[in-house]
Amino acid sequence: MRSKPLIRWAGSKRKLLPMLTANAPSSYKRYVEPFCGSASLFFELPDSPALLSDINVDLVNALNTIKNDPTIRSQLVKIPATKEEYYRIRAIEPESISKVDRAIRFLYLNRYCFNGVYRTNQKGQFNVPMGTRTGEFPSEAVFDEARKRLANAEISVADYKTTLTKIGDGDFVYIDPPYSKSGRFTGEYGLGSFDSSELPEFFDNLAELDRRGAKFLFSYRACEETRELLSEDYQVEVIPVKRHVSGFKESWNDSKEILVKNYGQ
Ligand SMILES: C[S@@+](CC[C@H](N)C(=O)[O-])C[C@H]1O[C@@H](n2cnc3c(N)ncnc32)[C@H](O)[C@@H]1O
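The structure presented is a predicted model; accordingly, all values stated were derived computationally and were not measured.

Participant: Summarise the nonpolar core; cite the residues concerned and give the values.
Facilitator: One finds Ile-7, Tyr-31, Phe-42, Leu-52, Tyr-86 and Leu-150 to be the most contacted residues of the largest nonpolar core, which totals 52 residues. Examining the composition of this core, we find that seven residues originate from one element, helix H6 (residues 99–112), more than from any other. Each residue touching Tyr-31, except ones within four places of it in the same chain, is listed here: Leu-41, Phe-42, Leu-45, Ser-48, Pro-49, Ala-50, Leu-51, Leu-52, Phe-172 and Tyr-174. Ile-167, Leu-199, Leu-229 and Val-260 belong to the second largest nonpolar core, which has 23 residues in total.

Participant: Mind laying out the pairing of strand S4 (residues 171–175), listing which residues take part and the relevant values?
Facilitator: Counting buried residues along S4, five of its five residues qualify, which places the element largely inside the surrounding structure. The side-chain alternation of S4 yields two buried faces, one formed by Asp-171, Val-173 and Ile-175 and the other by Phe-172 and Tyr-174. Across three bridges, strand S1 (residues 30–33) lies against S4 in parallel orientation. Each residue of the ladder has a partner; that of Tyr-31, found in S4, is Phe-172.

Participant: I'd love a proper account of the packing of helix H5 (residues 83–90) against H6, names of residues and values included.
Facilitator: Two elements in contact, H5 and H6, have axes whose closest approach is 10 Å; the angle formed by their N-to-C orientations is 135 degrees. By the angle between their axes, H5 is oblique relative to H6. When the axes of H5 and H6 are compared, the crossing they make is left-handed. Along the contact surface, H5 presents Glu-85, Tyr-86, Ile-89 and Arg-90, while H6 presents Arg-105, Tyr-108, Leu-109 and Tyr-112. Within the contact of H5 with H6, the residues separate by chemical class into five nonpolar, no polar and three charged.

Participant: Can you tell me about the site of the ligand, naming the residues and giving the values?
Facilitator: Lining the immediate surroundings of the ligand are 25 residues, of which Trp-9, Ser-38, Ser-40, Asp-54 and Asp-176 lie closest. Asp-159 places a polar side-chain atom, nitrogen or oxygen, 2.9 Å from a nitrogen atom of the ligand. Relative to its unbound accessible area of 600 Å², the ligand is 99% covered by the protein chains. By residue class, the composition of the shell around the ligand is 13 nonpolar, seven polar and five charged.

Reading the values: rules and limits
Each chain carries its own residue numbering, running from 1 in the written order of its sequence. The predicted nature of this model means local features are confined to residues of pLDDT at least 70 and side-chain atom pairs, given and counted, to a pLDDT of 80 or more, with totals for whole chains, interfaces and linings taken over all residues. Values reported for side chains reflect all heavy atoms of the structure, with hydrogen atoms and water molecules removed beforehand. We define the nonpolar core as a collection of buried residues of types Ala, Val, Leu, Ile, Met, Phe, Trp, Tyr and Cys that are connected through side-chain atoms lying within 4.5 Å of one another. For every residue, the accessible area obtained with a 1.4 Å probe (protein chains only) is divided by the maximum for its type, and the residue is called buried under 20%, exposed over 50%, and partly exposed between those limits. A helix here means a DSSP run of H or I that spans at least four residues, while a strand means a run of E at least two residues long, and both kinds are numbered starting from the N terminus. Contacts are assigned to residue pairs that have any heavy atoms within 4.5 Å of one another. Any two strands with at least two DSSP bridges between them are considered paired. Axes here mean lines fitted to C-alpha atoms, for a helix over just the part in contact, with angles spanning 0 to 180 degrees between N-to-C directions. Should an angle fall under 35 degrees it is taken as roughly parallel, and over 145 as roughly antiparallel, whereas 65 to 115 is taken as roughly perpendicular and any remaining angle as oblique. Should the near helix be turned anticlockwise from the far one by less than a right angle, the crossing is termed left-handed; should it be turned clockwise, right-handed. Classes in brief: Ala, Val, Leu, Ile, Met, Phe, Trp, Tyr, Cys and Pro nonpolar; Asp, Glu, Lys and Arg charged; the others, Gly included, polar. The cutoff for a nearby residue is simple: one of its non-hydrogen atoms must lie within 4 Å of the molecule or strand. Whenever two N or O atoms come within 3.5 Å, that pair is a polar contact, provided that in protein one can donate a hydrogen and the other can accept it, and provided that, for residues adjacent in sequence, both atoms are side-chain atoms. The Shrake-Rupley method, run with a 1.4 Å probe, gives the accessible areas here. Residue values count only the displayed protein chains as cover.

Following this line, the structure appears as structure tokens:
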């Protein structure tokens, strides 16, 4: 799966996959990802039951359609990758079409938009322009493999707080919240997105997961707020990463990622 992502997603952890897979526990009953995005780690790990959730309705609908509809790729590749078609499809009101058409609209725009960014205006309408050099859809084999993997996954729209209440003993939870400070109102993931002001309360949630017997792996930008985790009884690793800041080639930034887990192996 690593050769080509099914869904292009800002904040996808594809570059960190070797570190993340090396840090995943060797055994667990269920994989849970409350900020699943493109779920890149899920697709990399061995098959297991899973609970994937995200606040983004279109993303979750697309994952569910990939899981349930084996014809999705053939429907997608029929649509010409032209500017006219891109802007025509972008202008369609997603609520006015069927779930499958909504998934097709999302996956098409996701494939051909600028840098795979998901951004909406104040009214919640996707407003990213068409990109260049976006590449084609991944092969049928990638869609088939994803469908098989998702067969055992429950995929839902949920705020992370709701998903965290469903986690218990035997679960492995990979927690990858957005970094954005401006989250709640204008962040890159849209309305209602996680905001760094939620971090202190969020760290209490990690302690609660630990008490319930779940294994968690948490990744975030190493920053002032994550410092307090260093004092907890967790395993912490800080790794350098090159981060794409605002969608332009020149804006690569050297920063550090913190990985925190509450288990040995
Ligand atoms: C850094 S991305 C996750 C990337 C993912 N690990 C991957 O590999 O693609 C963060 C995700 O959190 C989602 N999100 C933001 N706020 C949320 C919230 N309050 N509850 C649930 N999901 C949220 C965003 O829609 C986005 O998909």
